Amino acid sequence: MKILFSLFLGLFLYSCQTFQFIGRNPAQSQKSSVIKKHYIVAVHGIGGDETTFGSMKTVLIDHLKKIRPETEFVFLNFSYPTGNSELTTFDFAYTYLSEFLHQKIPHVESDERITFVAHSQGGIVTSIWYAGAALGVDKDGDFNSDVAQRIKLDQKYSNIAEQIITLGTPFWGSKLATYLNDNDRLQLQKLPGLGCFFNLGDNELSEMSFLSNTIYSF
């Protein structure tokens, strides 16, 4: 029994050590130990807007300045047109988030970092963007498409991305989105308390549903 326990413990510790190397992102592997500027990019979810995160900017920046006074923290609130039935999560990631970063952070330095704080659908938008930028692929895994070539230009941002923090992101699908997508929304709109969910785009509800093509592709 002691031998089996020792073997199990050894394998466990080895797997943890291996995971640290496999899971390390590009920003962590860079040699610079002093971070001059750290961007905090807030990404709202389905039906959200720039007010989603409330006082997070003030509270978070004040706290971070106390624990890292040598670093300049910049809070950026990314807002995208959720509720537009013509747009998809991939549009929000590859076009809107990409353009936002190029506009707000036109020049990238090796001693800068980015942390994304994403709520609900925003976590999927951010993760799709990161995967596309880091790997240089589109939603179909194509390395050579026009989208892949364009999103590959965002590697300068993915290289300094330190963290993606997700809050309530339905990576496996949302029960509420599935329910609203599968039922007659006109009838559901009459139910009390559900009115706020009917300004959502059809594509968004479909994508956030269980077993959607978006979740499968991602």
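*Asks:* Got a minute to help me understand the nonpolar core in this structure?
*Replies:* In a soluble, globular protein the nonpolar side chains are often hidden away together inside. Residues V41, L101, I114, F116 and W129 are the most contacted members of the largest nonpolar core, which totals 32 residues. When residues of this core are traced back to their parent elements, those giving at least two are β1 (37-43), β2 (72-78), α4 (89-104), β3 (112-119), α5 (121-135) and α8 (175-182). In contact with V41, not counting residues within four places along its chain, are L76, F78, F100, L101, I114, T115, F116 and V117. Counting residues in each nonpolar core, the second largest holds eight residues, with A42, F53, F73 and F75 among its members.

*Asks:* For this particular structure, what's the right way to read the side chain of E204?
*Replies:* For E204, the position within the fold is in helix α10 (residues 202-207). Here the side chain of E204 touches T82 through a polar contact of 2.5 Å, side chain to side chain.

*Asks:* Hey, could you run me through the pattern of salt bridges in this one?
*Replies:* Here the idea is simple: oppositely charged side chains can pair when their charged atoms come close. Tallying each qualifying case throughout the model produces one salt bridge. Among the salt bridges present, the one from K36 reaches D111, with a minimum N-O distance of 4.0 Å. Of the two residues, K36 is situated in the loop between α2 (26-29) and β1 and D111 in the loop between α4 and β3; the sequence distance between them amounts to 75 residues. Under the relative-accessibility criterion, K36 is labelled exposed at 54%.

*Asks:* Looking at this structure, how should I read the packing of α4 against α5?
*Replies:* Packing of α4 against α5 brings their axes to within 9 Å, and their N-to-C directions diverge by 70 degrees. Comparing the axis directions of α4 and α5 gives the class roughly perpendicular. Residue-level contacts link T89, F90, F92, A93, Y94, L97, S98 and L101 of α4 to Q121, I124, V125, T126, I128, W129 and G132 of α5. A per-class count over the contact of α4 with α5 returns ten nonpolar, five polar and no charged.

*Asks:* How do you make sense of the confidence of the model for the protein chain when you look at a structure like this?
*Replies:* Predicted coordinates in regions of low pLDDT should not be interpreted in detail. Predicted confidence across the protein chain gives a mean pLDDT of 81, with 75% of residues reaching 70 or more. Confidence over residues 1-24 falls short of pLDDT 50; this stretch has one contact with residues more than four positions distant or in other chains. A low-confidence stretch, residues 28-32 stays under pLDDT 50, and its non-local contacts, those more than four residues away or across chains, total eight contacts.

*Asks:* Explanation requested: the packing of aromatic side chains in the structure shown.
*Replies:* Think of a pair of aromatic rings as described by two things: how far the centres are apart, and how the planes are tilted against each other in angle. All chains considered together, the criterion is met by seven aromatic pairs. Summarising the aromatic geometry, the rings of Y80 and F92 are spaced 4.7 Å apart at their centres and angled 45 degrees between planes, so their arrangement reads as tilted. With a gap of twelve residues between them, Y80 in the loop between β2 and α4 and F92 in helix α4 connect regions that are remote in the sequence. There is no split in this pair, since Y80 and F92 are both buried.

*Asks:* I keep staring at the pairing of β3 and nothing clicks. Help me out?
*Replies:* The side chains of a regular strand alternate between the sheet's two faces. Here β3 lies mainly inside the structure; seven of its eight residues are buried. Note that β3 and strand β4 (residues 161-167) share six bridges and pair parallel. The partner of A118 across the bridge, within β4, is T166.

*Asks:* How should I be thinking about the pairing of β2 in this particular structure?
*Replies:* Extensive coverage of β2 is indicated by the burial of five of its seven residues. Handedness of the crossover joining β1 and β2 through helix α3 (residues 56-67): right-handed.

*Asks:* Would you mind going over α4 with me for this structure?
*Replies:* What sets the pattern is the α-helix's 3.6 residues per turn: residues three or four places apart point alike. Taking 1.5 Å of rise per residue, the 16 residues of α4 would be expected to cover 22 Å, and the 21 Å separating its terminal C-alpha atoms lies within 8% of that figure. Of all bends in α4, the biggest is about 25 degrees, found at Y96. Every buried residue belonging to α4 is among T89, F90, F92, A93, Y94, L97, S98, F100 and L101, and all of these are buried.

How each quantity is defined
By convention here, each chain's residues receive numbers from 1 onward along its written sequence. Residues qualify for local features only when their pLDDT is at least 70, as the model is predicted, and side-chain atom pairs are given and counted only at 80 or more; totals for whole chains, interfaces and linings, by contrast, use all residues. To get the side-chain values, take all heavy atoms of the structure and skip hydrogens and water. Within this scheme, the nonpolar core is defined by two criteria: the residues are buried Ala, Val, Leu, Ile, Met, Phe, Trp, Tyr or Cys, and they are joined through side-chain atoms within 4.5 Å. Accessibility here uses a 1.4 Å probe with only protein chains present; expressed as a share of the type maximum, an area under 20% marks a residue as buried, one over 50% as exposed, and anything in between as partly exposed. The helix count covers DSSP runs of H or I at least four residues long, the strand count covers runs of E at least two residues long, and both are numbered beginning at the N terminus. For this analysis, residues touch if any pair of their heavy atoms sits within 4.5 Å. Polar contact is the term for a pair of N or O atoms within 3.5 Å; when the atoms are in protein, one must be able to donate a hydrogen and the other to accept it, and sequence-neighboring residues count only if both atoms are side-chain atoms. A side-chain nitrogen of Lys or Arg and a carboxyl oxygen of Asp or Glu constitute a salt bridge if their distance falls within 4 Å. Here an angle of 0 to 180 degrees is reported between the N-to-C directions of two axes, which are lines fitted to C-alpha atoms, with helices fitted over the stretch in contact. To sort the angles, those under 35 degrees are grouped as roughly parallel, those over 145 as roughly antiparallel, those from 65 to 115 as roughly perpendicular, and the leftovers as oblique. We call Asp, Glu, Lys and Arg charged. Ala, Val, Leu, Ile, Met, Phe, Trp, Tyr, Cys and Pro are nonpolar, and the rest, Gly among them, are polar. The score called pLDDT rates the predictor's confidence residue by residue, from a low of 0 to a high of 100. Between the rings of Phe, Tyr and Trp (Trp by its six-membered ring), a pair exists once the centres lie within 6.5 Å; its type follows the angle of the planes, with under 30 degrees stacked, over 60 edge-to-face, and the other angles tilted. Only when DSSP finds a minimum of two bridges between them are two strands counted as paired. The handedness of a crossover follows from its direction of travel: if, with the strands pointing away from the viewer, the path from the first strand over the helix to the second runs clockwise, the crossover is right-handed. By definition here, a helix of n residues has an expected span of 1.5 Å times n minus one. Throughout, the bend at a residue refers to the angle made by two axes, fitted to the seven residues ending there and to the seven starting there.

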